[in-house]
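Remarks on the overall topology
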Amino acid sequence: MKTLYLLRHAKSSWDHPGLRDHQRPLADRGQKAAPRVGSYMSEQGYEPELVLCSTSERTRQTWALVEPELSTRPDVRFLDEVYHASAGSLLVLATEIPDDYSSAMLIGHNPGMHAVADWLSGHGNDELLDDLGAKYPTGALAVISFDVEHWSDVRAGSGTLEDFKKPRELE
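Residues numbered from 1 in each chain as written. Predicted model: local features only at pLDDT ≥ 70, side-chain atom pairs only at ≥ 80, totals over all residues. Heavy atoms only, no water.

Turning to the environment of Glu49, a few remarks are in order. Within the secondary structure, Glu49 sits in the loop between α1 (28–44) and β2 (50–54). Sequence separation of Glu49 and Glu81 is 32 residues, and the distance between their C-alpha atoms is 19 Å. Polar side-chain contacts of Glu49 include one of 2.6 Å to the backbone nitrogen of Ser102. (Helix = DSSP H or I, 4+ residues; strand = E, 2+ residues; numbered from the N terminus. Polar contact = N/O pair within 3.5 Å; in protein donor to acceptor, adjacent residues only side chain to side chain.)

Structure below.
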């Protein structure tokens, strides 16, 4: 069994129009939401062993606020490949996770995060699947399990959407 956590970065700031997209920080709302998501993960026992995070400022800040809320300390890798990655690229990253890890988290951006979450989730609660299909807001977390032994066996539609949580549901 493998579990993939897909976390879209928390709400980012648009207050500095001169900044490149890669440098945009979190907005106040995002700084408040990210620790709530981390607390929720910890309460639910969602403890990734590996984190693959985009190199953007907002994803790094999201991780920095989520991580202290977790009870374990995963291996963390900041990868340029996650920055604005397509669903296909994110799927390739997931299938290349070493099998030593039974759980991993990707922290990235839309539209890729939404598309890969929707693409991978072939099974699960209809209400959760509909909710995921409708919108993947900033700070949202999808939890997808796969009945496979190897990450390389993860395929579109092969996952079960176990949970889909938005920050506004945690207020």
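Burial in helix α5 (residues 126–134) covers these residues: Leu128, Leu129 and Leu132. End-on view of α5: buried residues confined to an arc of 100 degrees, all on one side of the axis. Opposite the buried face of α5, by more than 90 degrees, sit the exposed residues Asp126, Glu127, Asp130 and Ala134. Taken together, the buried residues of α5 touch α4 (112–120), β5 (121–124) and β7 (159–165). (Buried < 20%, exposed > 50% of the residue type's maximum accessible area, 1.4 Å probe, protein only. Arc of directions from axis to C-beta. Contact = heavy atoms within 4.5 Å.)

Attention now moves to the sheet that holds strand β3 (residues 75–79). Spatially, seven strands are ordered β3-β2-β4-β1-β6-β7-β5 in an open sheet, and the strand pairing comes out mixed. What marks the edges here is a single partner per strand, and that holds for β3 and β5. Adjacent strand axes in the sheet meet at a mean angle of 25 degrees, parallel and antiparallel pairs treated alike. Of the pairings in the sheet, the one linking β2 to β3 comprises five bridges and is parallel in character. (Pairing = 2+ DSSP bridges. Axes fitted to C-alpha atoms, helices over the stretch in contact; angles between N-to-C directions.)

So, on to the environment of Ala104. Residue position: Ala104 is located in strand β4 (residues 103–108). When its relative accessible area of 0% is taken as the criterion, Ala104 is described as buried. Not counting residues up to four positions away in its chain, the partners in contact with Ala104 are Thr3, Leu4, Tyr5, Pro48, Leu50, Ile97 and Trp151.

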